[in-house]
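Residue-level structure breakdown
Here are the chains, one letter per residue:
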Amino acid sequence: PALVGSAVLPGPAVALDASPDGRWIATGGPFGGLSVLDADSLAPRTVVDQPVASVAFSPDGSLLAAGSNRYTPVAGGREPTGPAVVLYETDGFTPTDAQPAGAGDRVEVPDVGFSSDGQWLAAVTRRTGAGTQLLVWNLERLDRPAVVRP
């Protein structure tokens, strides 16, 4: 394979996914937040500056899920805030839904993923003192996640 381009990211990246249509590349990191790059030009747009541990595009490319990393302080030593999993519509990368992943500030979502039919969203969460959980949402009923404990 031949290298076709490169881009400087706003901070270290620990998560990466490409949209199914090849139009977008999403990255997430503890200090750079969530960035989405145009795959042709590699021009970046920062979507959110909160720490991000995981990213995934839905199979139809209409949604991007981002899992938080609330273990890493943000600029100025502030504690990260906000929901653990945020869904963005890819037509403007505006948040369309946010899902909590458990109480407490110290929550990390090291992996998110969609089912191949796009009906389900799953997230693995780690929380200080509470261990690991698997949360699964029916995207038609986001108000009721199923919690699966290993």
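These numbers come from a predicted model, not from an experiment.

1. Topic: the overall build of the protein chain
Scanning the protein chain from terminus to terminus reveals zero helices and twelve strands. Ordered by position from the N terminus, the helices and strands of the protein chain form the series β-β-β-β-β-β-β-β-β-β-β-β. Across the 150 residues of the protein chain, 39% fall into the buried class. Within the protein chain, counting contacts between residues at least 6 apart in sequence, those at least 24 apart form 39% of the total. About 7,900 Å² of surface is accessible on the protein chain, with carbon and sulfur atoms providing 53% of the total.

2. Examining unusual backbone geometry
Phi is positive for L42, close to 60°, though the residue is something other than glycine. By secondary structure assignment, the location of L42 is in the loop between β3 (33-38) and β4 (44-48).

3. A short note on the nonpolar core
Within the largest apolar cluster, 14 residues are counted, with the highest numbers of intra-cluster contacts made by V85, V112, F114 and L121. Mapped by element, the contributors of at least two residues to this core are β6 (63-68), β7 (85-89), β9 (107-114), β10 (120-127) and β11 (131-138). The greatest single-element share of this core, amounting to four residues, is contributed by β9. Not counting residues up to four positions away in its chain, the partners in contact with L121 are A65, V85, L87, G113, F114, L135, V136, W137 and L139. Grouped together as the second largest cluster of nonpolar side chains are 13 residues, A15, W24, F57 and L64 included.

4. Examining the pairing of β10
Both faces of the sheet carry side chains from a regular strand, because those side chains alternate between them. One ladder, built from six bridges, connects β9 with β10; its direction is antiparallel. Across the sheet, V107 pairs through a bridge with R127, a residue of β10. Joining the antiparallel neighbours β9 and β10 is a turn of five residues, in which G118 adopts a positive phi near 75°. Strand direction decides the pairing type here: β10 and β11, joined by eight bridges, are antiparallel. The residue bridging W120 from the neighbouring strand is N138, located in β11. Taking the residues between adjacent antiparallel strands as the criterion, β10 and β11 are bridged by three residues, where G129 takes a positive phi near 80°.

5. Brief notes about the confidence of the model for the protein chain
With 79% of its residues at a pLDDT of 70 or more, the protein chain has an overall mean of 82. Element-level mean pLDDT values for the protein chain span from 63 in strand β12 (residues 141-148) up to 96 in strand β1 (residues 15-18).

6. Notes on the environment of A15
Within the secondary structure layout, A15 lies in strand β1. Spatially, the C-alpha atom of A15 lies 6.2 Å from that of A53, the residues being 38 residues apart in sequence. Ignoring sequence-local partners within four residues, the contact set of A15 consists of A26, T27, G28, A53, S54 and V55.

7. Brief notes about the sheet that holds β7
Spatial ordering of the open sheet is given by β5-β6-β7-β8, a layout of four strands whose pairing is antiparallel. Two strands lie at the open edges of the sheet, namely β5 (52-57) and β8 (94-99), each paired on one side alone. Within this sheet the neighbouring strands show an average axis-to-axis angle of 25°, counted without direction. With five bridges joining them, β5 and β6 adopt antiparallel strand pairing. Paired with V55 across the two strands is A66, which belongs to β6.

Rules behind the numbers
- Residues numbered from 1 in each chain as written.
- Predicted model: local features only at pLDDT ≥ 70, side-chain atom pairs only at ≥ 80, totals over all residues.
- Heavy atoms only, no water.
- Helix = DSSP H or I, 4+ residues; strand = E, 2+ residues; numbered from the N terminus.
- Buried < 20%, exposed > 50% of the residue type's maximum accessible area, 1.4 Å probe, protein only.
- Contact = heavy atoms within 4.5 Å.
- Areas by Shrake-Rupley, 256 points an atom, 1.4 Å probe, with all protein chains shown as cover.
- Core = buried A, V, L, I, M, F, W, Y, C linked by side-chain atoms within 4.5 Å.
- Pairing = 2+ DSSP bridges.
- pLDDT = per-residue confidence, 0-100.
- Axes fitted to C-alpha atoms, helices over the stretch in contact; angles between N-to-C directions.

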